[in-house]
Amino acid sequence: MSTADASPVSRAITNIEESLIAILLGLMTLITFANVIARYVFNTNILWALETTVFLFAWLVLLGASYCVKTNAHLGVDVITSALPKAGRRAVGLVAVGLSLLFSGLLTYGAWDYWLPFAGNRAWYEVNDIPMPGFLQFLSASMNEGEKWEKLPRFIPYFALPLGMTLLTVRLLQAGWRIVQGEQDTLIAAHEVEDAMSDTPASDTPGDSPEKKEG
């Protein structure tokens, strides 16, 4: 289902997801660029830059994976499925959804099982380098026995794991429902390149000399 056909709530959620992914990518770029300038121009180093970009990249990948399922943007090989009739493609698509749900369900369970202790009796665990922002210190009253963190507690960046896996599972369920309803046939985006090439005029094809065209 296209964004234009979606409900206002769905469009709002999509806008939030796209904005968050863009912000994560922008922050990674800015922090990396600032660290390069600091290192090669001022002969110093932003201590927390590397660890921050690693966590931002993890958030970007995990949120991006679920977003690509939502928008049917994951690439794949469809040599066999493209030769099947529509009913066959839908059947294969549902099998793919089922296997993907099994995989994402296991990952979701493991992600929450791994993260929950860091939000409980391990809330005092901190990252190595990233300072704790002052505006988040209010969390220490209920999660760290009132003792302020010096570094960012791990449960904050690690939340990318359960959040990303839960969203992935939800998106796979939505994709399966769209296949059942006949709105799409597969989980992957295929043949974009071939479609783009077929729309290109033959005269614009690289490698064709004027003599060859005239002949």
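Everything below is about the structure shown above.
We now turn to the structure provided with this report.

Reading the values: the criteria
Residues numbered from 1 in each chain as written. Predicted model: local features only at pLDDT ≥ 70, side-chain atom pairs only at ≥ 80, totals over all residues. Heavy atoms only, no water. Salt bridge = Lys/Arg side-chain N within 4 Å of Asp/Glu carboxyl O. Helix = DSSP H or I, 4+ residues; strand = E, 2+ residues; numbered from the N terminus. Buried < 20%, exposed > 50% of the residue type's maximum accessible area, 1.4 Å probe, protein only. Expected span 1.5 Å × (residues − 1). Phe/Tyr/Trp six-rings, centres within 6.5 Å; stacked < 30°, edge-to-face > 60°.

The next point concerns the pattern of salt bridges. The full count for this structure, using the stated rule, is 2 salt bridges. The partner of Lys 70 in a salt bridge is Glu 17, with the nearest N and O atoms 3.0 Å apart. Of this pair, Lys 70 sits in helix 2 (residues 49–70) while Glu 17 is found in helix 1 (residues 8–40), placing the two residues 53 residues apart along the sequence. Per residue, the accessibility class of Lys 70 equals that of Glu 17, and both read buried. Across the pair Arg 171 and Glu 17 runs a salt bridge, and its minimum N-O distance is 2.3 Å. With Arg 171 in helix 6 (residues 160–181) and Glu 17 in helix 1, the pair connects residues that are 154 residues apart, well separated along the chain. One exposure class covers both Arg 171 and Glu 17, and it is buried. Through salt bridges with shared partners, one network takes in Glu 17, Lys 70 and Arg 171.

Quick look at helix 2 now. With 22 residues, helix 2 extends 31 Å from end C-alpha to end C-alpha; this agrees with the ideal 32 Å at 1.5 Å per step. Just beyond helix 2, the residue with positive phi is Asn 72, at close to 55°.

This part takes up unusual backbone geometry. For Asn 43, which is not a glycine, the phi torsion comes out positive at approximately 55°. In this structure, Asn 43 sits in the loop between helix 1 and helix 2. Phi at Glu 145 takes a positive value of approximately 55°, unusual for a residue other than glycine. As for its placement among the helices and strands, Glu 145 is situated in the loop between helix 4 (140–143) and strand 2 (151–153).

This next bit is on the packing of aromatic side chains. This model, assessed by the stated rule, comprises 11 aromatic pairs. Ring centres of Phe 118 and Tyr 125 lie 5.8 Å apart, and the angle between their planes is 90°; this geometry places the pair in the edge-to-face category. Looking at Tyr 125, the relative accessible area reads 30%, which means it is partly exposed. Centre to centre, the rings of Trp 124 and Tyr 125 are 4.2 Å apart; their planes meet at 40°, and the pair counts as tilted. Among the aromatic residues, ring-to-ring pairing joins Phe 55, Tyr 114, Phe 118, Trp 124, Tyr 125 and Tyr 158 into one connected group.

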